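# Summary of structural features
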Amino acid sequence: MKKDVRILLVGEEEVGKTSLILSLVSEEFPEDVPCCAEEITIPADVTPEKIPTHIVDYSGLEQTPEVLEEEIDKADVVCIVYDVTRPDTIEKIESYWIPLILTSVDDEGTPQSKPIILVGNKSDLSEQSTMDTLVTIMSRYSQVKTCIECSAKLVKNISEMFFYAQKAVLYPEDPLYSQDTKELTELCTNALTRIFKICDVGGDGILDDKELNNFQYQCFNSPLEEEEVLEVKNCVRRNTHDGLKNNGLTLTGFLFLHKLFMERGRHETTWTVLRKFGYGDDLDLREDYCDAGLDIPASSTTELSELGRDFFTRLFERCDRDEDSALSPDELEDLFSLCPTMPWDKEVLSCIQTNDKGWITFDSYIALWVLTTYLDSNRVFTWLSYFGYTHGELESQLSTAVTVTRSKDVDLAKKQTSRTVFRCNVIGPPGSGRTAFLQGHVNRSLELCEIAWNQIDNELLNSKKCDVICFLYDQSDPNSFSKVLELHENVLSGVPCLFVATKADRPVVQQNCEVQPSMYCTLNNLPEPV
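Because the structure is predicted, anything quoted here is derived from the model rather than measured.

## Concerning the packing of aromatic side chains
Scanning the entire structure with this criterion turns up 25 aromatic pairs. Measuring from ring centre to ring centre gives 5.9 Å for F311 and F312, while their planes differ by 70°; the resulting arrangement is edge-to-face. F312 matches F311 in its accessibility class, with the two residues each being buried. Between the aromatic rings of F481 and Y520, the centroid separation amounts to 6.0 Å while the plane-to-plane angle is 75°, which identifies the pairing as edge-to-face. Taken together, the residues span a long stretch of sequence, with F481 in helix α20 (residues 480–488) and Y520 in helix α21 (residues 517–523) at a distance of 39 residues. Members of the aromatic cluster, joined through ring pairs, are F311, F312, F316, F336, W344, F362, Y365, W369, W383, Y386, F387 and Y389.

Right under this line is the structure:
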């Protein structure tokens, strides 16, 4: 939501633009009206939406067309004021003012499509309403959001006029609803669908009374009374054929209600819901919504907390409809239907343990989230945000899903740790069996990182992110051990190391080096090669 609103009043001379502004401020009709009012700022604490509002007047007698264009560019919303007793000022709305406003572009030359409010002043001087004419104009221009007649002299409908202008900026219609199709936009539908699925805790495709009230309380801090729930359901029942199921609200019914809010001008209701669930004005999740605010020292790591693991477990169980402890392609797609993309492609899924049908098992599922948390906690926070972690029964803070471990330096000094995930860099020359070794350790609480042979340098060998280095050599290749031996000589004493002899199904051969693997490990206080 914008932090302030800038309202510009334009129109023909002597239609009462300045009088409207002064009547709003003083709450009475001014005796002496200047040609143009100075810019006025209404403090946040006296505006309905608690947002500072800047009101700008324009006078063609005192200001140039260039100034007008600049003010239109800076404005968030433009009020075209006309005199209800002067048809010529109404005619100028379409012949001059709307075309001028529609030419406004941003710094990149893109049309800004600013909201427009039509304001008929001096209603005290006419018994005839101009609203029919204005409604016709509104039907031709989607930028015109509303129209109102008011009287500066009687201080009538002035506060309402500025409220409508403020509302058009803070709760924009265009991202949510198309006046052309009279339907919710695709982005709005997708966002509301995600919200519905998050609130459908039971995963049965309906919001029962408890789930509906939890949703209501989260968004508006008050539950629905029993009579209100009944009224909502009756409205849905009268207007849709599948909006209710088993006395619960379906997705169709949920979307219908928000379409109804749009049609009745209650944009703020839908925007309140969207913003509560993290959406910005572009209907993408806001950065602050996905930011856990964690400060992670370089010597610490991140792991899934018990709360985080429990959340991912419940998510799995909700999507595992056949309860076989594995997610079929359809179930996996359903799980990530809350997200804009599928984070686990075929390459990822080919590297994990699956059942005999090739479906991801529960252990592999948790292992992937453990790995992602260790490698990139910010990425996990983003996925947790899409999954609705902060909207559970406890409304947990995003940061509670992850634990920041104690500094590795402290762990080494105390010779103890509470960490459950460790990183092992697996190094070996081509043909030593690195990939097979990694695949044999799937689902362990150990991050095994295969290092390409041509990417190894001293910085990598002594990285603080690494907990242990595993040097692989082919015991059936006489030249294999000498290759990793040279690398081990460049490892500082602070990094634990382990040698692993691979291809044990083949005959052991003498290695072409002065010291054989077993003796080398003994001399360097290392465990025997595994």
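Now, onward.
## A few points about the sheet that holds strand β1 (residues 5–11)
The sheet built from six strands is open, its strands ordered β2-β3-β1-β4-β5-β6 with mixed pairing. Both outer strands of the open sheet, β2 (40–42) and β6 (144–149), are each paired with one neighbouring strand and no more. Each neighbouring strand pair of the sheet contributes to a mean axis angle of 20°, computed without reference to strand direction. Both β1 and strand β4 (residues 77–83) contribute to a ladder of five bridges, which runs parallel. In the sheet register, L8 faces β4, and the bridge partner there is V78. Running at roughly 150° to strand β3 (residues 53–57), helix α1 (residues 17–26) makes contact with β1, β2, β3, β4 and β5 (116–121) of the sheet.

## What to know about the environment of D282
Secondary-structure assignment places D282 in the loop between α10 (267–276) and α11 (287–290). Sequence-wise, D282 and P175 are 107 residues apart; in three dimensions their C-alpha atoms are separated by 7.1 Å. A distance of 3.1 Å separates a polar side-chain atom of D282 from the backbone nitrogen of D284.

## As for the side chain of K167
Relative to the elements of secondary structure, K167 occurs in helix α5 (residues 158–170). The residues touching K167, leaving out its near neighbours within four places in the chain, are P172, G265 and E268.

## Side note on the sheet that holds strand β11 (residues 248–250)
On the basis of which strands lie adjacent, the open sheet formed by three strands has the order β9-β11-β10 and antiparallel pairing. Bordering the open sheet on either side are β9 (206–207) and β10 (244–245), each of which pairs with just one other strand.

## What to know about the pairing of strand β16 (residues 422–427)
Counting buried residues in β16 gives five out of six residues, a clear majority hidden from the surface. When β16 meets strand β18 (residues 468–474), the two strands line up parallel, connected through four bridges. Residue pairing for β18: I427 is matched across the bridge by F471.

Rules behind the numbers
- Per chain, the residues get numbers from 1 upward, laid out in the order the sequence is written.
- Totals for whole chains, interfaces and linings use all residues, but because this is a predicted model, local features are given only for residues with pLDDT of at least 70 and pairs of side-chain atoms are given and counted only at 80 or more.
- Here the side-chain values reflect all heavy atoms present in the structure, with hydrogen atoms and water set aside.
- Any Phe, Tyr or Trp ring, taking Trp's six-membered ring, that has another such ring centre within 6.5 Å forms a pair; planes under 30 degrees apart are called stacked, those over 60 apart edge-to-face, and the others tilted.
- Classification of residues uses two cut-offs on accessible area relative to the type maximum, computed with a 1.4 Å probe and protein chains only: under 20% is buried, over 50% is exposed, and between them is partly exposed.
- Numbered from the N terminus, helices here are DSSP runs of H or I no shorter than four residues, and strands are runs of E no shorter than two.
- Any two strands with at least two DSSP-identified bridges between them are counted as paired.
- What counts as an axis is a line fitted to C-alpha atoms, over the stretch in contact for a helix, and the angles between N-to-C directions run from 0 to 180 degrees.
- Contacts are residue-level and defined by heavy atoms, with any inter-residue pair within 4.5 Å sufficient.
- Polar contacts, as counted here, are pairs of nitrogen or oxygen atoms within 3.5 Å of one another; within protein the pair requires one atom able to donate a hydrogen and one able to accept it, and residues that are adjacent in sequence qualify only if both atoms are side-chain atoms.

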